[in-house]
Amino acid sequence: MTSQYVEGWPQLSREAAQLVIDRYGEPDEATETQLVWHQPGPWKRVVATRVFFDHDFPAPQIRWNP
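Residues numbered from 1 in each chain as written. Predicted model: local features only at pLDDT ≥ 70, side-chain atom pairs only at ≥ 80, totals over all residues. Heavy atoms only, no water.

(A) Representation of the nonpolar core. Counting nine residues, the largest nonpolar core is built from Val 6, Trp 9, Ala 17, Val 20, Ile 21, Leu 35, Trp 37, Val 46 and Ala 48. Those elements that provide at least two residues to this core are α1 (11-24), β2 (34-38) and β3 (45-49). The element that contributes the greatest number of residues to this core is α1, accounting for three residues. (Core = buried A, V, L, I, M, F, W, Y, C linked by side-chain atoms within 4.5 Å. Buried < 20%, exposed > 50% of the residue type's maximum accessible area, 1.4 Å probe, protein only. Helix = DSSP H or I, 4+ residues; strand = E, 2+ residues; numbered from the N terminus.)

Shown next as structure tokens:
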């Protein structure tokens, strides 16, 4: 089930954010463009954003905009 926070997000951003939601639960902070979890697992914070960027260096990949 897709979280209400990411329903209108582009597919790749939605899928990435949903993986974090499935693992760590609902975010601690949420705006229309960004979700933030404080101290999930071993990290200080995890940020998922609606925007993502394609880039080809050093190889083709998608860079998630923090």
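Text resumes after the structure shown.
(B) Seen up close, the packing of aromatic side chains. Within the structure shown, the criterion is met by one aromatic pair. Considering the side-chain rings of Tyr 24 and Trp 43, the 6.5 Å spacing of their centres and the 85 degrees angle between planes classify their relative orientation as edge-to-face. Residue Tyr 24 is located in helix α1, and its partner Trp 43 is located in the loop between β2 and β3; the two are separated by 19 residues in the primary sequence. (Phe/Tyr/Trp six-rings, centres within 6.5 Å; stacked < 30°, edge-to-face > 60°.)

(C) Molecular detail of the environment of Thr 31. Summarising the element assignment, Thr 31 is placed in the loop between β1 (29-30) and β2. Given a relative accessible area of 46%, Thr 31 falls into the partly exposed group.

(D) Just the sheet that holds β3, in detail. Pairing is antiparallel in the open sheet, where three strands are placed in the order β1-β2-β3. Each end of this open sheet is capped by a strand with a single partner; those strands are β1 and β3. As judged from the five bridges shared by β2 and β3, these two strands associate in the antiparallel manner. Paired with Val 36 across the bridge in β3 is Val 47. (Pairing = 2+ DSSP bridges.)

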